[in-house]
Amino acid sequence: MKPRCFMKIIRVNVGKPKEHSYNENTYRSGISKRSVQEVMVTEERFVGDDVENHEYHGGKERAVCFYPYEHYQKWETEFNKTLNIPAFGENLTVTGMKEDEVFIGDIFQIGEAVIQICQGRIPCSTISKFNGVDPLLKRIIETGFTGYFGKVIKEGSISESSEIILIDQHPLQISILEANQTLFHDFKNKERLEKIMEVKELASAWKKAIQKKLMAPHKN
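This one's a predicted model, so the numbers in the text were calculated from it and none came from an experiment.

Asks: Before we move on, could you go through the pairing of strand 6 (residues 38-41) and cite the residues and values that matter?
Replies: Within a regular strand, side chains alternate between the sheet's two faces. Taking every second residue as pointing to the same face, the buried face of strand 6 carries V39 and V41, while none of E38 and M40 on the other face is buried. Direction of pairing for strand 6 relative to strand 12 (residues 156-159): antiparallel, over a ladder of 4 bridges. Of the residues in strand 12, the one forming a bridge with V39 is I158.

Asks: Describe the nonpolar core, listing the residues and the values that go with them.
Replies: Ranked by internal contacts, the top residues of the largest apolar core, which has 37 residues, are F66, L92 and I158. Considering every element that reaches this core, the biggest residue donor is helix 4 (residues 176-184), with 4 residues. Once residues within four sequence positions are removed from consideration, I158 is found in contact with I9, V12, Q37, E38, V39, V41, F46, L92, I110, A113 and I115. In terms of nonpolar packing, the next biggest core, distinct from the first, is built from 12 residues, L83, I85, I127 and V133 among them.

Asks: With reference to specific residues and values, describe the pattern of salt bridges.
Replies: Overall, the coordinates contain 10 salt bridges when judged by the stated rule. Among the salt bridges present, the one from E101 reaches K98, with a minimum N-O distance of 3.6 Å. With a relative accessible area of 24%, E101 lands in the partly exposed category. Its salt-bridge partner being K190, residue E194 comes within 3.9 Å of it at the nearest N-O pair. Of this pair, E194 and K190 are both found in helix 5 (residues 190-197), 4 residues apart, which corresponds to roughly one turn of the helix. Residue K190 is classed as exposed on the basis of its relative accessible area of 51%. The network of salt bridges with common partners includes K74, E78, R139 and E142.

Rules used in this analysis
Residues numbered from 1 in each chain as written. Predicted model: local features only at pLDDT ≥ 70, side-chain atom pairs only at ≥ 80, totals over all residues. Heavy atoms only, no water. Buried < 20%, exposed > 50% of the residue type's maximum accessible area, 1.4 Å probe, protein only. Helix = DSSP H or I, 4+ residues; strand = E, 2+ residues; numbered from the N terminus. Pairing = 2+ DSSP bridges. Core = buried A, V, L, I, M, F, W, Y, C linked by side-chain atoms within 4.5 Å. Contact = heavy atoms within 4.5 Å. Salt bridge = Lys/Arg side-chain N within 4 Å of Asp/Glu carboxyl O.

Here's what the structure looks like:
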């Protein structure tokens, strides 16, 4: 085991879909969550948590959503607005686990649960609507500060005081940030796309997305 003492849970969050309004329009989403002291995580989701659209959200390869706490200060400073945790609909608000520090395929023991990171997050406009900041989605995509998802290898209880221990670091060391930047901005770079595809633990949705990029005709 490889303990990294600087990794820490800031908040544990769960919530069910509900109605929201923005600019006189309504939408339904599970992005609004409440912080809890302790909760059980299963292969499908945290108990007490759910998503509205199961086609694009949730499922075993998106059972746990992480968001780095360090980004809160950046966004608050940039947009001059306080963002209340969990502003990004994350289950785990964490520190010491930014997108450039976490590799696809990494396995972590968090409390009783064992979780493997398997994909970055492809954000949608709900993040901007929920926080009342129209440019937020664009900036998240530009920076790659999206947060990321993990699948549950071992079910168990996670609390706010649970330790985060890196059990196994993936040997290919493809960070979430590298994958994000490739998929969002450097998607014509065949070499980088193929490198990401070498990670067998990559989520199926990302494999399909990258495969589409590899098959797309590119003009010189």
